[in-house]
Amino acid sequence: MSALVEFGVEFGAVTGVAISDLGARPDRSYAGDVHILERDRELAALRAAVAAARAGQGGGVAVTGDAGTGKSTLVESACADASGASDRQLRVLRGVCDPLQTPRPLGPFRDIAGAAGLGPLLRDDDTLLADVYEQLYEALRAEPTVLVVEDLHWIDAASVDVLRFLARRVDSMPIALLVTYRDHEIGPRHSARPLLGDFARIEGLSSLHLDPLSVEGVKALVDGTSLDPQRVHELTGGNPFFVTEVAKDPDRPLPASVRDAVLARTADVAVEDFEVLQLVATAPDRLDDRTLPALGVDLPTLRRLDGTGLLGRTRGGLVFRHELARQAVESTIPPGGVARLHARLLTALEMIEPREPAVLTHHAVAARDSTRAARYARDAAAEAIRAGSHSEAVAFFRIALDHVHEATTPGERADLLQRLSFEQYMTSQLADAIDNVRATFPLWQRAENPAGLAAAHDTAAIFEYYNARRVHAEAHADRAAGIADRSGADLAFGVARSTRGLLAYMRSEVDLALRCSTDAARIADEHEFAPLAIKAEFVRTLVELAGGSVEARARLSDQVETARAEGFDELASTGYSQMSSLDVEQRRFRAAEHVLDESLPFTVERDIPICRHWQTSVRSRLRFNQGRWNAALEDADHVLDEDGMPLATVWPNLVRALVALRRGSGPVLVHLDAAWALARQIDEPLRTLPVLAALAEQMWMTGVADPRVTDDAVRELDRLAGSPGTEWGVGELAAWLLRLGLITEPPDAAALAEPYRAAFAGRHADAAAWWRQAGEPFAEAMTLGDAPDPDLRTRAVELLDSLGAVATADRQRVALRRDGIAQVPTRPRAQTRANPAGLTNRQLDVAKLVARGFTNAEIATRLYISIRTADHHVSAVLTKLGLPNRRAVVVRADELGLS
Amino acid sequence: MPRFLIEREIEGASDLTLADLAKIAQTSNDVVESLGVPYTWVKSYVAGDKIYCVHEAEDAEAVVEHARRGGFPANRISVIANEFGPETASHSAAR
């Protein structure tokens, strides 16, 4: 029986029935034909991962290398071990990424979910992505599994998210996660990039690079033929696929390229049969078996083509056994013939259910069928959005826009552009998002749709603000309100006013904020539009809280919970963002911690990038203030490396700058300059004051005069002292300017928060005690350092040393010696063993659970790690905290800020 | 030509309506037409969560190909070695 039509193992896959070893590649693979040469070490690593999974320990290996280096062969071989031989078979699940122009959202996981008996992953529009993740996680951990995902260089963004979710939990599942990709095809902006970072970073995951074969390896492959190994090695560069193809036909003249080697195998294929090969090559995912009747491909044809050895059957379709073979055949299609082949495939695919819009789009575009391309691209975009695959949604909307008919109405076009821009915002492409919203303005005008135009300006206002262009944002919000007002579009007017109100609040413009939210509340009331009412209420409460009302904090919290319960996810998330932000600003660190513990996972689950970036940056500031600098840097790096929204990058830049400054390591100015540029653009007191304080601190440390401090900071302090909500920022900046001698008198006591008021009144010990209580050790140390009492100043230096603020401590040591104080603490020779600032975010999570009295087994369950890993984390935490045992952590939880 | 008995596991097969079966039959007929080899679908029986089909084909390979193209499951394929019924009694060896 020929390989193309044989049945057996594969048969279950064809029929969609779960069988024990679905993962085994159905077609006779190269693994079966060839000895795997010069891959002993690599194969051993994969086998070790499989064996570990069998024993219940999760792990993963990424296999990388050029096309044809034998990545799949190697993985198949490891899988064959898993499913064969042993009396205890291991489940093997296999997903493949396809070289479609724009990939299918969750493509590989559709295969996997089907094989794992999960059914369709996204049942309906209401399916939460978080539930999809959980469902996969539960299914995968249910039994020891080898999970293979091939060709990550063609992966979609949603699948990357799923894989990252699994990678983070790999330690807690009996799984061998094996992935393959061509490393040189994954650039820095590729959506798989963060996943590769995980493979480099997460314990239990590793990467293997496959090098070309040596001359010895080639010699082994061509052994027994007349071929000269040296020549074959030179020709093929040691590429195993190429060498194998050459070795199959040793008596022919040596082919000049892989392409020639592949095509040599088709020399005897009749013209009509060759066209079938071209059809298969035109379907980059697979030529679905069910399309064969419509395409007129009969069984005798398949039998004849089997002789080429180029094709196999898998995933319910015909495929080339190797992508290089597919490309070789594809390259023979004359330019004029491409569109015709795609059109044939498209027609055949339209006849089978369920339709795959991403695949149909691929063929419709290549068939130059604009009408269908536009239609299927819209469907594919909708599917991508449901899957949370926003980069693909962007690509599909672009295709839809490129292909929409001339006769499309301006309103329809504007609608598509607006959807595109939203997806661009979701992927942090703010500049493009803004361009596309702006492009809708003339379209809404032509459509004579003022409500649409006002809504577009409102969206532009929001995006511009996220992009840190406050002035533009305000102008758009005002324009939106104006247009809506003139045209009687009430609701649009209310929405625009609420946006303007939030902007005014952010800039501490209390009167304007209240006026705007009053307008918004009135409209919300008239139209009984709940989200608008909540948003207006938010702004009013935030104004009160910023102004120091304690009672407002509880009310805001209730309002946020209401928004969340009502299903207004974005609103609730915005509420969390502002609440946590004020909690950190006003030094309610424990409250901030609680909010962020709750809200950061929520922003991930509900896919709200601006709030995720913002809250991560707020947490970065929180950790920084708490003296947990490594954790702060982790968050800062996260936002900056992920191209976070510019608005959210102020704190990350400040944190990077100040940690480097205080530790005396790493670049400072570049981050300070970035923060300053942003602060000027945003021009909000609550952002500007801390940046100026940081600049002042840098000047105090280096002694180099900075006009931004000597001029701007002094002027701004004078201007902003006394304005509502600035008590903390004013206090902090004033403290540095006093140290620098740039001001001689502190601001009025009424303009200052409590610890600053105490310190400036000479009650340094009280102020330091306040900071200690609040949990801000650096501020505590600086306050002690400002005291005249030598004992307090000495303690300040010790505290700075224990924080790792070596450079700041040195600066204080110099001052102590200058002032003739005898007992200057000596500089610690190396980092002391205890180093609370060195805790990572992960270790902080562990520390908090230890503080709550959890056992290692309970910690392991909660954090999706193995007990062994939990053990390691707990020891590291104890070492860094300088504590003898976990009981000490429980006892001192409060003091350590872990309760 | 050999006859094959094909066992197809389809959850809720017994609940398939006549319209459903008509659609399946049409697909099957189109597939038979497309194979390009001698092939006859003789009869099918629905029972519980299964459909049992009797097909005539030159080999099992063709039966498998039919299932692939139709998107039908085919969990077990057996060659029918013999057929008999009440009338077989008249072929009594005793006579």
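Described in the following lines is the structure provided in the data block. What you see is a predicted model; the values in this text were computed from it and never measured.

### Some details on the side chain of A:Thr308
All names here are of chain A.
(1) Moving on: The topology assignment puts Thr 308 in the loop between α15 (299-306) and β7 (311-314).
(2) Moving on: One polar contact links the side chain of Thr 308 to the main-chain carbonyl oxygen of Leu 305, over a distance of 2.7 Å.
(3) Moving on: Once you skip the residues sitting within four places of it in the chain, Thr 308 turns out to touch Arg 265 and Val 269.

### Notes on empty space enclosed by the protein
All names here are of chain A.
(1) Moving on: Counted under the stated rule, the structure contains six cavities of 30 Å³ or more.
(2) Moving on: If you add up the space inside the second largest cavity, you get close to 170 Å³.
(3) Moving on: Lining the second largest cavity are 16 residues, with Tyr 505, Ser 508, Ala 546, Leu 582 and Leu 686 positioned closest to its centre.
(4) Moving on: Residue assignment for the lining of the second largest cavity shows that the elements contributing at least two residues are α25 (490-506), α27 (530-546), α29 (569-585) and α35 (685-702).
(5) Moving on: It is α29 that provides the largest number of residues to the lining of the second largest cavity, a total of four residues.
(6) Moving on: Its residues assigned to classes, the lining of the second largest cavity comprises nine nonpolar, four polar and three charged.

### Details of helix α3 (residues 40-54) of chain A
Since the α-helix turns once every 3.6 residues, residues separated by three or four places project in the same direction.
Residue and element names in this part refer to chain A.
(1) Moving on: Spanning 15 residues, α3 covers 21 Å between terminal C-alpha atoms, matching the ideal 21 Å at 1.5 Å per step.
(2) Moving on: Residues of α3 that are buried: Glu 42, Leu 43, Leu 46, Ala 49, Val 50, Ala 53 and Arg 54. Along the long axis of α3, the arc covered by the buried residues comes to 145°, so they all point the same way. Relative to its buried face, α3 has exposed residues pointing more than 90 degrees away, namely Asp 40 and Arg 41.
(3) Moving on: For α3, the elements touching its buried residues are β1 (59-64), α4 (71-83), β3 (145-150), β4 (175-181) and β5 (205-209).
(4) Moving on: Once α3 ends, the next one or two residues include Gly 56, with phi positive near 95°.

### Some words on the environment of A:Leu556
Residues and elements named next belong to chain A.
(1) Moving on: Relative to the elements of secondary structure, Leu 556 occurs in helix α28 (residues 550-565).
(2) Moving on: Judged by relative accessible area, which is 0%, Leu 556 ranks as buried.
(3) Moving on: Residues Leu 556 and Ala 381 lie 175 residues apart in sequence; the distance between their C-alpha atoms is 37 Å.
(4) Moving on: When sequence neighbours within four positions are dropped, the list of residues in contact with Leu 556 reads Phe 538, Thr 541, Leu 542, Leu 545 and Met 579.

### Let's talk about the sheet that holds β7(A)
All names here are of chain A.
(1) Moving on: Taken together, the three strands give an open sheet; going across it, the order is β6-β8-β7, and neighbouring strands pair in antiparallel fashion. Looking at which strands have only one partner, the edges of the open sheet turn out to be β6 (287-288) and β7.
(2) Moving on: Relative to strand β8 (residues 317-320), β7 runs antiparallel, the two sharing four bridges. Within β8, the residue paired with Arg 313 across the bridge is Leu 318.

### Concerning the side chain of A:Arg621
All names here are of chain A.
(1) Moving on: You can see Arg 621 is positioned in helix α31 (residues 609-625).
(2) Moving on: At a separation of 3.1 Å, a polar atom in the side chain of Arg 621 contacts the side chain of Glu 585.
(3) Moving on: Those residues in contact with Arg 621, other than ones at most four positions away along the chain, are Ser 581, Val 584, Glu 585, Arg 587, Trp 651, Val 655 and Pro 690.

### Describing unusual backbone geometry
Both trends apply: most residues other than glycine have a negative phi, and most peptide bonds are in trans.
Residue and element names in this part refer to chain A.
(1) Moving on: With an omega of -10°, the peptide bond running from Glu 353 to Pro 354 counts as cis.
(2) Moving on: Note on placement: Pro 354 falls in the loop between α17 (335-350) and α18 (357-366).
(3) Moving on: The residue Leu 106 is not glycine, and still its phi comes out positive at about 60°.
(4) Moving on: Structurally, the position occupied by Leu 106 is in the loop between β2 (91-96) and α5 (107-115).
(5) Moving on: Residue Arg 315 is not a glycine yet carries a positive backbone phi of 50°.
(6) Moving on: Tracing the chain through its elements places Arg 315 in the loop between β7 and β8.

### Some details on a negative patch on the surface
Residues and elements named next belong to chain B.
(1) Moving on: On the surface, Glu 9, Glu 11, Asp 15 and Asp 49 cluster together into a patch of negative charge.
(2) Moving on: Tracing the sequence through the fold places Glu 11 in the loop between β1 (3-9) and α1 (18-35).
(3) Moving on: Among the residues examined, Glu 11 registers a relative accessible area of 78% and is labelled exposed.

### With respect to the nonpolar core
(1) Moving on: Counting residues in hydrophobic clusters, the biggest one holds 152 residues, and the most contacted among them are A:Tyr425, A:Tyr466, A:Tyr505 and A:Leu733.
(2) Moving on: The residues touching A:Leu733, leaving out its near neighbours within four places in the chain, are A:Leu689, A:Leu692, A:Ala693, A:Ala696, A:Ala713 and A:Leu717.

Reading guide: rules and limits
Residues numbered from 1 in each chain as written. Chains lettered and ligands numbered in written order. Predicted model: local features only at pLDDT ≥ 70, side-chain atom pairs only at ≥ 80, totals over all residues. Heavy atoms only, no water. Helix = DSSP H or I, 4+ residues; strand = E, 2+ residues; numbered from the N terminus. Polar contact = N/O pair within 3.5 Å; in protein donor to acceptor, adjacent residues only side chain to side chain. Contact = heavy atoms within 4.5 Å. 1 Å grid on protein atoms, 1.4 Å probe; cavity = no way out; pocket = protein on both sides within 12 Å on 5 of 7 lines; lining within 4 Å. Points joined across faces, edges and corners; volume = space filled by probe spheres on them. Nonpolar A, V, L, I, M, F, W, Y, C, P; charged D, E, K, R; others polar. Expected span 1.5 Å × (residues − 1). Buried < 20%, exposed > 50% of the residue type's maximum accessible area, 1.4 Å probe, protein only. Arc of directions from axis to C-beta. Pairing = 2+ DSSP bridges. Patch = residues over 30% accessible without salt bridge, like charges linked within 9 Å, V, L, I, M, F, W, Y side chains within 5 Å. Areas by Shrake-Rupley, 256 points an atom, 1.4 Å probe, with all protein chains shown as cover. Salt bridge = Lys/Arg side-chain N within 4 Å of Asp/Glu carboxyl O. Lys, Arg positive; Asp, Glu negative; His and termini not counted. Charge placed at Lys NZ, Arg CZ, Asp CG, Glu CD. Core = buried A, V, L, I, M, F, W, Y, C linked by side-chain atoms within 4.5 Å.

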